[in-house]
Amino acid sequence: MRLLVEFWCVFMILFGIVLYGEAEVYIVTVEGEPIISYTGGIDGFEATAVESDEKIDTSSELVTSYAQHLENKHDMLLGLLFDHGTYKKLYSYRHLINGFAVHLSPEQVETLRHAPGVKSVERDWKVRRLTTHTPQFLGLPTSVWPTGGGCDRAGEDIVIGLVDSGIYPHHPSFSTHNTEPYGPLPKYRGKCEVDPKTKRSFCNGKIIGAQHFAQAAIASGTFNPSIDFASPLDGDGHGSHTASIAAGRNGIPVRLHGHEFGKASGMAPRARIAVYKALYRLFGGFVADVVAAIDQAVHDGVDILSLSVGPNGPPAATKTTFLNPFDATLLGAVKAGVFVAQAAGNGGPFPKSLVSYSPWIVSVAAAIDDRRYKNHLCLGNGKILAGLGLSPSTHLNQTFTLVAANDVLLDSSVMKYSPTDCQRPEVLNKNLIKGKILLCGYSYNFVVGTASIKKVSETAKALGAVGFVLCVENASPGTRFDPVPVGLPGILITDVSISKELIDYYNISTSRDWTGRVKSFKGTGKIEDGLRPIMHKSAPQVALFSARGPNIKDFSFQEADLLKPDILAPGSLIWGAWSLNGTDEANYDGEGFAMISGTSMAAPHIAGIAALIKQKHPRWSPAAIKSALLTTSTTLDRAGNPILAQQYSETEAVKLVRASPFDYGNGHVNPREALDPGLIFDTGYLDYLGFLCTTPGIDVHEIKKYTNSPCNKTMGHPYNLNTPSITVSHLVRTQIITRTVTNVAKQETYVMSARMQPAVAIEVNPPAMTIKAGASRKFTVTLTVRSVTGRYSFGEVLMKGSRGHKVRIPVLANGYSR
């Protein structure tokens, strides 16, 4: 009997190979709402939609009847298209998405792809699992989370406060379904506001506090409660995104347009989230509201603060960048034992573009990680044009006719609507577009946000196009082009010269009459698959937009004896949670996830990693956590080469140059090493006060006004502040700088070495030192001007321990003759 069964199994496998040939599994989504979001409208079937954090009663007659209705529709579609036995349906998706998984041949796939009611048809195996890919890129699952008890315990009982645009509490990244219950946390004293509409709390155990601050916004007359929401509800998506990066649940599927882009996770997936909404979708925020939010967060007992918010530039009302209500409030937070991560700003790549200045916080620059999304348009003349397109391909073995939007207008009078933007399907001729690839123009409307790639895709789909191409013919300096996930094959060609190549081919291939009207479209092309990312070893790199140093100490842009930014973290093309109300990015309007860029995304990476350090070392000060992050960071990319930074060339094109501490601070974050740094540079409130009192040009009365403390302590020069870096903006002759390290590991002997670019000589003393566990030791760094170059010289001090610890601090000095 067993032999018979085995023979039958082998026979069926062989039969399947013969029957299906090169058949593969595809995920298909179709029109119609799934159970979770069906609000009614079909005769005989009542609404089944519920709030996201409510369990669906799958045994109810409403749900079961509608589920059967969806499955019948799936079976009917397949039965009408294909003969019985030539395909195999594997699953019907009815609850979370409306669609099915089916085993089909390539020919059947093309038939299905063009069937009425089909939204997307995608090969299952081609989608890579990478999403908030940064946990893997940073090595968290294998070398960091296990030290905190695994992903189910990483960040346990640590509270991360987020001052941002609120949160979408029903998002699965913040849900408590299928997780170990979150118990009470007595140390946290925050409150939870109630949704004015649903009368339900914004908190659920994962979200432990939720409040909003808008009094300044209301007083200014800019607050609109119907748009901005007088509650912690996220009005634009930004706050939900940053919260999920810092502390979103692990393993949340990221689905858009029928594709799954992997599993999302925050840096500290078990940490609690405390929401302090002070930013709003139309106008941003006011410092008064932000300060109130920070103040409340510290009062409530958060451990970590993540601030993806900062001033538009250096404060003009006060002379010093470090001394204003915002930075003084942050100093108070650090004094209270709260670690603060702040976005460095998005004004790069220009020097002195930072908007985060103070030594008591961690200013975070943005990196590009190892994932790139590229795509190609293959023309009928054999040329292959490169572009961006996070989309499926057109049929690989078929080319399609190209039609330009300005050649298929229904009426020339609609030119006032910029029809080449492809934002309005009603102004274009569907009969001429159906079954073809639509060519559109990237206008200024995309830059200002009144046009979106998502709308281009929707327009092309509504007109029956098989795909679209968006051409950039005139690029404004500084314009950012990011890949946008769309369900229809599509590509954005960002290189002006490549766009010209396409346009030339199209014009040569298109015959016209004497009036310029098209007689026939002859140009053809096909769009390749852009869903599969390219993984680069030349990562990380400093993102073009990331704000750069030198740090400044006043509104006249005089340079400070303090290195900023502090550290580099992933901040480009980061997947994260999004609010269904989100309007911050038109391309993700109404979506549950978004992939966006900014130092706003980099800061919560550091906040989440700081939570992991706090979990392992609960008694460490904010400065100790900062030191651990900075001294263990790396200046090398994955290939072992120096980190590169995106920069503008003379022609305003983007080029790569060797990065410096003004681009990345101490370097790119290395979470595994940061958990066990060996030595730390600890600093306290009185040290920061001494830094202020020692900085030239600061009025002591101003210091007392903001800190309520007199200047009783000085440190000779501000560069003597015990930070894990040394910056001397005006080095004359020889200067001796002092630093103190504390051993947070077992007794260890460290060998000291230093190197510097030739214009400045460097010496470190002592050459070696043995430090007992818990003990502190001083060392000095002597800098001497050798030649005046008019620019900074870069170097480092390296401490190698006998137990394997390595501690590195950057050294920067600008030499002057006197």
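Residue numbers here run from 1 along each chain, matching the order of that chain's written sequence. Given that this is a predicted model, residues contribute local features only at a pLDDT of at least 70 and side-chain atom pairs are listed and counted only at 80 or more, while totals for whole chains, interfaces and linings are drawn from all residues. The side-chain figures draw on all heavy atoms in the structure; neither hydrogens nor water molecules are used.

### Re the overall build of the chain
Reasoning step 1: The helix and strand tally for the chain stands at 20 helices and 38 strands.
Reasoning step 2: Expressed as a percentage of the 818 residues in the chain, the buried residues total 56%.
Reasoning step 3: For the chain, the proportion of contacts with a sequence separation of at least 24, taken over those separated by at least 6, is 73%.
Reasoning step 4: Summed over its atoms, the accessible surface of the chain is roughly 34300 Å², and 53% of this surface lies on carbon and sulfur atoms. Helix numbers and strand numbers start at the N terminus; a helix is a DSSP run of H or I with at least 4 residues, a strand a run of E with at least 2. Partly exposed residues are those whose accessible area sits between 20% and 50% of the maximum for their type, while under 20% is buried and over 50% is exposed, using a 1.4 Å probe and protein chains only. We call two residues in contact whenever any of their non-hydrogen atoms come within 4.5 Å of each other. Here the open area of atoms and residues is found with the Shrake-Rupley method and a 1.4 Å probe, where only the protein chains shown may cover a residue.

### A few points about the state of the cysteines
Reasoning step 1: A pair of sulfur atoms, both from cysteines and within 2.5 Å, is called a disulfide here. Tallying each qualifying case throughout the model produces three disulfides.
Reasoning step 2: Between Cys 422 and Cys 440 runs a disulfide, and the two sulfur atoms are separated by 2.1 Å. An S-S torsion of about -95° defines the bridge between Cys 422 and Cys 440 as left-handed. Here Cys 422, found in the loop between strand 16 (400-404) and helix 11 (430-433), pairs with Cys 440, found in strand 17 (residues 437-441); they are 18 residues apart in sequence, far enough to count as distant.
Reasoning step 3: Residue classification places Cys 422 among the buried residues on the basis of a relative accessible area of 1%.
Reasoning step 4: Among the cysteines around Cys 471, which has no disulfide bond, Cys 440 carries the closest sulfur, lying 8.4 Å off.

### A word on the pattern of salt bridges
Reasoning step 1: Note on definitions: salt bridges are taken to be side-chain nitrogens of Lys or Arg within 4 Å of carboxyl oxygens of Asp or Glu. Going through the model one piece at a time under the given rule, you end up with 17 salt bridges.
Reasoning step 2: One salt bridge connects Asp 303 with Lys 187, and the closest N-O pair in it is separated by 2.9 Å. Separated by 116 residues along the polypeptide, Asp 303 in the loop between helix 9 (287-300) and strand 10 (304-307) and Lys 187 in the loop between strand 5 (159-164) and strand 6 (207-212) bring together distant segments of the chain.
Reasoning step 3: Since its relative accessible area comes to 10%, Asp 303 is described here as buried.
Reasoning step 4: Two residues, Glu 426 and Arg 424, come together in a salt bridge whose shortest N-O distance is 3.2 Å.
Reasoning step 5: Glu 426 sits in the partly exposed class, given a relative accessible area of 47%.
Reasoning step 6: Arg 424 sits in the partly exposed class, given a relative accessible area of 30%.

### Looking at the packing of aromatic side chains
Reasoning step 1: Working definition: a ring pair exists when centres of Phe, Tyr or Trp rings (six-membered ring for Trp) sit within 6.5 Å. Plane angles under 30 degrees give stacked, over 60 give edge-to-face, the rest tilted. Within this structure, the stated rule accounts for 14 aromatic pairs.
Reasoning step 2: Residues Phe 223 and Tyr 280 carry aromatic rings whose centres are separated by 5.3 Å and whose planes lie at 85° to one another, so their mutual orientation is edge-to-face. Placement of Phe 223 in the loop between helix 6 (215-220) and helix 7 (225-228) and of Tyr 280 in the loop between strand 9 (272-277) and helix 9 is noted, with a sequence separation of 57 residues between them. Side by side, Phe 223 and Tyr 280 carry an identical accessibility label, which is buried.
Reasoning step 3: Relative to Tyr 792, the ring of Phe 662 lies with its centre 4.9 Å away and its plane at 85°, an arrangement referred to as edge-to-face. Residue Phe 662 is found in helix 17 (residues 661-664), and its partner Tyr 792 is found in strand 37 (residues 792-801); the two are separated by 130 residues along the sequence. A single burial state applies to Phe 662 and to Tyr 792, both of which are buried.
Reasoning step 4: Three or more aromatic residues joined by ring pairs make a cluster, and in this case those are Tyr 38, Phe 45 and Tyr 66.
Reasoning step 5: When the NZ atom of lysine or the CZ atom of arginine is within 6 Å of a ring's centre and also within 35 degrees of its normal, the charge is said to sit over that ring. A cation over a ring is seen here: Arg 270 above Tyr 182, with NZ or CZ 3.8 Å from the ring centre.
Reasoning step 6: Positioned above the aromatic ring of Tyr 685, the side-chain terminus of Lys 335 is 4.2 Å from the ring centre.

### Description of helix 10 (residues 325-335)
Reasoning step 1: Burial of helix 10 is extensive: eight of the 11 residues sit out of reach of the surface.
Reasoning step 2: Buried within helix 10 we find Phe 326, Asp 327, Ala 328, Thr 329, Leu 330, Leu 331, Ala 333 and Val 334.
Reasoning step 3: With its phi angle positive at about 90°, Gly 337 sits one or two positions after the end of helix 10.

### Overview of the nonpolar core
Proteins that are soluble and globular tend to have nonpolar side chains buried together.
Reasoning step 1: In this description, a nonpolar core means a group of buried Ala, Val, Leu, Ile, Met, Phe, Trp, Tyr and Cys residues linked to one another through side-chain atoms lying within 4.5 Å. Membership of the largest hydrophobic core comes to 53 residues, with the highest contact counts inside it found for Ile 160, Phe 339, Val 364, Ile 606 and Leu 629.
Reasoning step 2: The element that contributes the greatest number of residues to this core is helix 15 (residues 599-616), accounting for nine residues.
Reasoning step 3: Look past the residues within four positions of Ile 160 in its chain and what remains in contact with it is Ala 246, Ala 247, Ala 271, Arg 272, Ile 273, Ala 274, Ile 304, Ala 607, Gly 608 and Ala 611.
Reasoning step 4: In terms of nonpolar packing, the next biggest core, distinct from the first, is built from 46 residues, Leu 388, Val 408, Tyr 442 and Leu 502 among them.

### Thoughts on the pairing of strand 18 (residues 467-471)
Reasoning step 1: Counting buried residues in strand 18 gives five out of five residues, a clear majority hidden from the surface.
Reasoning step 2: Because side chains alternate across strand 18, one face comprises the buried residues Gly 467, Val 469 and Cys 471, and the other comprises Phe 468 and Leu 470, equally buried.
Reasoning step 3: DSSP bridges decide pairing: two strands pair if at least two such bridges lie between them. In the sheet, strand 17 pairs with strand 18 via five bridges, with the strands oriented parallel. Among the inter-strand pairings, Gly 441 is bridged to a residue of strand 18, identified as Cys 471.
Reasoning step 4: Examined bridge by bridge, strand 18 and strand 19 (residues 490-493) share four bridges and lie parallel to one another. When the sheet's bridge partners are listed, Val 469 is paired in strand 19 with Ile 491.

### Observations regarding the side chain of Gln 108
Reasoning step 1: Its location among the elements puts Gln 108 in helix 3 (residues 106-113).
Reasoning step 2: A residue is classified by how much of its surface remains accessible, and Gln 108, at 11% relative accessible area, is buried.

### Considering the packing of helix 9 against helix 10
Reasoning step 1: For the pair helix 9 and helix 10, interaxial distance at closest approach is 10 Å and the crossing angle is 5°. Judged by the inter-axis angle, helix 9 sits roughly parallel to helix 10. Counting all contacts with helix 9, which are made through Val 287, Val 290, Val 291, Ile 294 and Val 298, the residues of helix 10 involved are Pro 325, Phe 326, Thr 329, Leu 330 and Ala 333.
Reasoning step 2: Note on residue categories: nonpolar means Ala, Val, Leu, Ile, Met, Phe, Trp, Tyr, Cys or Pro, charged means Asp, Glu, Lys or Arg, and polar means any other residue, Gly included. When its residues are assigned to classes, the contact of helix 9 with helix 10 shows nine nonpolar, one polar and no charged. Each axis is a line fitted through C-alpha atoms, taken for helices only over the stretch in contact, and angles between the N-to-C directions span 0 to 180 degrees. Note on angle classes: values under 35 degrees are labelled roughly parallel, values over 145 roughly antiparallel, values of 65 to 115 roughly perpendicular, and the remainder oblique.

### A short note on helix 13 (residues 453-462)
Reasoning step 1: Where helix 13 is concerned, the buried positions are Ile 453, Lys 454, Val 456, Ser 457, Thr 459 and Ala 460.
Reasoning step 2: Following helix 13 by one or two positions, Gly 464 has its phi on the positive side, about 80°.

### Focus on a nonpolar patch on the surface
Reasoning step 1: Nonpolar side chains collect at one region of the surface, where Tyr 444, Val 447 and Val 448 lie side by side and expose about 290 Å² of accessible area between them.
Reasoning step 2: Mapping Val 448 onto the fold places it in helix 12 (residues 444-448).
Reasoning step 3: Taking the relative accessible area as the measure of exposure, Val 448 reaches 44% and is therefore partly exposed. Patches here are clusters of residues that have more than 30% relative accessible area and form no salt bridge, with a 9 Å joining cutoff for like charges and a 5 Å cutoff for nonpolar side chains (Val, Leu, Ile, Met, Phe, Trp, Tyr).

### Here's the deal with the side chain of Gln 541
Reasoning step 1: Here Gln 541 is to be found in strand 24 (residues 541-542).
Reasoning step 2: Beyond its immediate sequence surroundings of up to four residues, Gln 541 is in contact with Ala 366, Ala 367, Ile 368, Arg 372, Ile 643, Leu 644 and Leu 656.

### Focus: the sheet that holds strand 14 (residues 375-379)
Reasoning step 1: The strand order across the open sheet built from seven strands is 15-14-22-16-17-18-19, with neighbouring strands paired in mixed fashion. Where the open sheet ends on each side, the last strands, each with one partner, are strand 15 (384-387) and strand 19. Sheet twist, expressed as the mean angle between neighbouring strand axes with direction ignored, is 30°.
Reasoning step 2: Sheet contacts for helix 14 (residues 496-509): strand 14, strand 15, strand 16, strand 17, strand 18, strand 19 and strand 22 (524-527); angle to strand 16, the most-contacted strand, approximately 105°.

### Digging into the sheet that holds strand 32 (residues 734-743)
Reasoning step 1: Strand order across the open sheet formed by four strands is 30-32-36-34, with antiparallel pairing between neighbours. Two strands lie at the open edges of the sheet, namely strand 30 (679-680) and strand 34 (760-765), each paired on one side alone.
Reasoning step 2: Relative to strand 36 (residues 776-785), strand 32 runs antiparallel, the two being bridged by nine bridges. Counted as the bridge partner of Val 741 is Arg 777 from strand 36.

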